[in-house]
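Below are the chains, spelled out letter by letter.
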Amino acid sequence: MHYRPYQQKQHNDVFTAWDQGHKNVLAVLPTGGGKTVEMSGIINQWDSGKIISIAHRKELVGQIAMALAQQGVHHQIIGPAPMVKYVTQRQRERLGTHFHSTNADVLVASVDTLIAPSRQESVRTWS
């Protein structure tokens, strides 16, 4: 992964804050600053259990899933079957394989999916 210098600094700062005992760390970048790339790098380096990446739109779920796939991170996508199929198909087209795994410790979902009563069981069994 090749970060821009400001992304590398922020990546390092996030882990430094966690190492110092801070539990809630907020990393902010402007539009186009590479938030998804940086987040996928942080998730790739994370080794302390399960993690969930939440987006407010299904398009961003696909973008996050692709960034994780480019890092080689296996992840579960919680969402409607057609969306999961589309995202995994795009990963196959771009990367020659996909990284969607129903047993992964990394989960990608939209806010709407997480609060939908029909998806509550998927979320409960993951946690």
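Residues numbered from 1 in each chain as written. Predicted model: local features only at pLDDT ≥ 70, side-chain atom pairs only at ≥ 80, totals over all residues. Heavy atoms only, no water.

Caption draft 1: Just the sheet that holds strand β1 (residues 51–55), in detail. Taking strand neighbours across the sheet as the criterion, the three strands line up as β1-β3-β2 in an open arrangement whose pairing is parallel. Unpaired on one side and paired on the other, β1 and β2 (76–78) mark the two borders of the sheet. Each strand of the sheet is rotated relative to its neighbour by a mean of 20°, with strand direction disregarded. Seen against the sheet, helix α3 (residues 58–70) touches β1, β2 and β3 (106–110) and runs at an angle of roughly 160° to β3. (Pairing = 2+ DSSP bridges. Helix = DSSP H or I, 4+ residues; strand = E, 2+ residues; numbered from the N terminus. Axes fitted to C-alpha atoms, helices over the stretch in contact; angles between N-to-C directions. Contact = heavy atoms within 4.5 Å.)

Caption draft 2: Expanded view of the packing of aromatic side chains. Tallied over the full model, the rule gives two aromatic pairs. For the pair Phe15 and Trp18, a centre-to-centre distance of 5.2 Å together with 85° between the ring planes defines the contact as edge-to-face. With Phe15 and Trp18 both in helix α1 (residues 5–19) and three residues apart, this pair spans about one turn of that helix. The interplanar angle of 70° and the centroid separation of 4.9 Å between the aromatic rings of Trp18 and Trp46 together place this pair among those described as edge-to-face. Here Trp18, found in helix α1, pairs with Trp46, found in the loop between α2 (35–45) and β1; they are 28 residues apart in sequence, far enough to count as distant. A relative accessible area of 26% places Trp18 in the partly exposed class. Here the aromatic residues Phe15, Trp18 and Trp46 are joined through ring pairs into a cluster of three or more. (Phe/Tyr/Trp six-rings, centres within 6.5 Å; stacked < 30°, edge-to-face > 60°. Buried < 20%, exposed > 50% of the residue type's maximum accessible area, 1.4 Å probe, protein only.)

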